[in-house]
Amino acid sequence: PDEDDEQEDEDGPLGEKLIFNENDFIEGYYRTERDKGTQYELFFKKAALMEYRHVTLFRPFGPLMKVKSEMIDITRSIINIIVPLAERTEAFAQFMQNFRDVCIHQDKRIHLTVWVFWKEGLSKVKYILESVTSESNFHNYTLVSLNEEFNRGRGLNVGARAWDKGEVLMFFCDVDIYFSAEFLNSCRLNAEPGKKVFYPVVFSLYNPAIVYANQDVPPPVEQQLVHKKDSGFWRDFGFGMTCQYRSDFLTIGGFDMEVKGWGGEDVHLYRKYLHGDLIVIRTPVPGLFHLWHEKRCADELTPEQYRMCIQSKAMNEASHSHLGMLVFREEIETHLHKQAYRTNSEAVG
């Protein structure tokens, strides 16, 4: 908005009038209806407060129209982060460090649900979880073991249904995901029961051994979290990380339990929402990263699943230019050898 078009006054927590302007803008999205126009979802926030102003604008193929302007209070909005886990204790230990820093020390409105498909490793997972939560006096977590073959959709389905405290906002999260406190608020702002589900696009990091090959060791994970074309890419084909309310998830039927192995169940759920009545918010977010880890594509996958897995594996290694340098490494080394030989010959001559 222009300076002369500030947002309407709202009563703050102490009864004072709040005026929102362009300096309070934090994020926004837009979507275009082909036969109607463009709808804008804008969020404003005063720096010292946890109250948000949500403004919806609609620009038809004509003059701009204001649809609504409302205050959103997310101070009591709990997020149940559900993590399915199998044989990834090292990754889980790293995940819990991020969880401690962001969820326990900063956000403080989180419940963690971990479903372990690995009976032999349950004691290790329990030790990691308790070592982090005990030092912070954090007790809002659930740890359950499923003694069966790993199935991500199964773990998330069970995790959603296991919640017995009524409605709750859920964040389906993998163990190799790094998220910020800002992302958690975006999760709260962009999911609404009976109306909207949030499918953020994750920034996926490349193999640090390739990206930082010119260094003795890769930098710490926190220093790798940058949005550059040589450090990673926007995973626009991934639909696993999502924020949605439990009631919407149960109403639509949850994940398809017939899907086995890698991939497929996420896309199936996403498509069900697309064909339903809810609005699907799909946009890149800066505070959500997929950390690199080596992938294994199992022989028992269907041809379609195996193709998807190999495609994901290739795209996760490095950028196009980095992969090109690896493919043509022998040719490059031959050229450098010839150049060095020519230079030495000229020096001798």
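Residues numbered from 1 in each chain as written. Predicted model: local features only at pLDDT ≥ 70, side-chain atom pairs only at ≥ 80, totals over all residues. Heavy atoms only, no water.

Participant: Even after reading the chapter, I still don't get the pattern of salt bridges, so can you show me in this structure?
Facilitator: Side-chain pairs of opposite charge can arise whenever the charged atoms involved come near each other. Overall, the coordinates contain 15 salt bridges when judged by the stated rule. Residues R100 and E135 are paired through a salt bridge, measuring 3.2 Å at the closest nitrogen-oxygen approach. Linking R100 in helix α1 (residues 89–107) with E135 in helix α2 (residues 122–136), this pair joins segments that are 35 residues apart in sequence. Put simply, E192 and K195 hold a salt bridge, and the shortest N to O gap is 3.5 Å. (Salt bridge = Lys/Arg side-chain N within 4 Å of Asp/Glu carboxyl O. Helix = DSSP H or I, 4+ residues; strand = E, 2+ residues; numbered from the N terminus.)

Participant: It is not clear to me how the domain arrangement of the protein should be interpreted in this structure. Could you clarify?
Facilitator: You'll often see interface size given as the accessible area lost when the parts meet. What the domain assignment lists for the protein is domain 1 (22–60) and domain 2 (79–314). For domain 1 and domain 2, the distance between their C-alpha centres works out to 27 Å. At the junction of the two partners, domain 1 supplies eight residues and domain 2 supplies 10 residues. Roughly 740 Å² is buried in total at the junction of domain 1 and domain 2, and carbon and sulfur atoms are behind 59% of that figure. Contact with domain 2 buries area across many residues of domain 1, yet Y29, F43 and Y52 alone supply 54% of it, more than any other trio. Viewed at the interface, domain 2 and domain 1 are joined by zero salt bridges. In this assembly, domain 1 and domain 2 are joined by four residue pairs in polar contact (both at pLDDT 80 or more). (Domains from an automatic or database assignment. Contact = heavy atoms within 4.5 Å. Buried area = accessible area lost by both parts, 1.4 Å probe. Polar contact = N/O pair within 3.5 Å; in protein donor to acceptor, adjacent residues only side chain to side chain.)

Participant: I keep staring at the nonpolar core and nothing clicks. Help me out?
Facilitator: Side chains that are nonpolar tend, in soluble globular proteins, to be buried together. Ranked by size, the top nonpolar core spans 47 residues in total, and within it I81, F92, F95, F99, F171, F179 and F183 carry the most contacts. Considering each element in turn, this core owes the most residues, eight residues, to α1. Counting the residues that make up this core, at least three belong to each of domain 1 (22–60) and domain 2 (79–314). Look past the residues within four positions of I81 in its chain and what remains in contact with it is F99, C103, I110, H111, L112, T113, F171, C173, F179 and L184. Formed by 22 residues, the second largest nonpolar core is a distinct cluster that contains I82, W163, V168 and L269. (Core = buried A, V, L, I, M, F, W, Y, C linked by side-chain atoms within 4.5 Å. Buried < 20%, exposed > 50% of the residue type's maximum accessible area, 1.4 Å probe, protein only.)

Participant: Can you help me understand helix α4 (residues 181–190) in this one?
Facilitator: Quick reminder: α-helices carry 3.6 residues per turn. Residues three or four places apart thus point the same way. Counting buried residues along α4, nine of its 10 residues qualify, which places the element largely inside the surrounding structure. A181, F183, L184, N185, S186, C187, R188, L189 and N190 are the residues of α4 that are buried.

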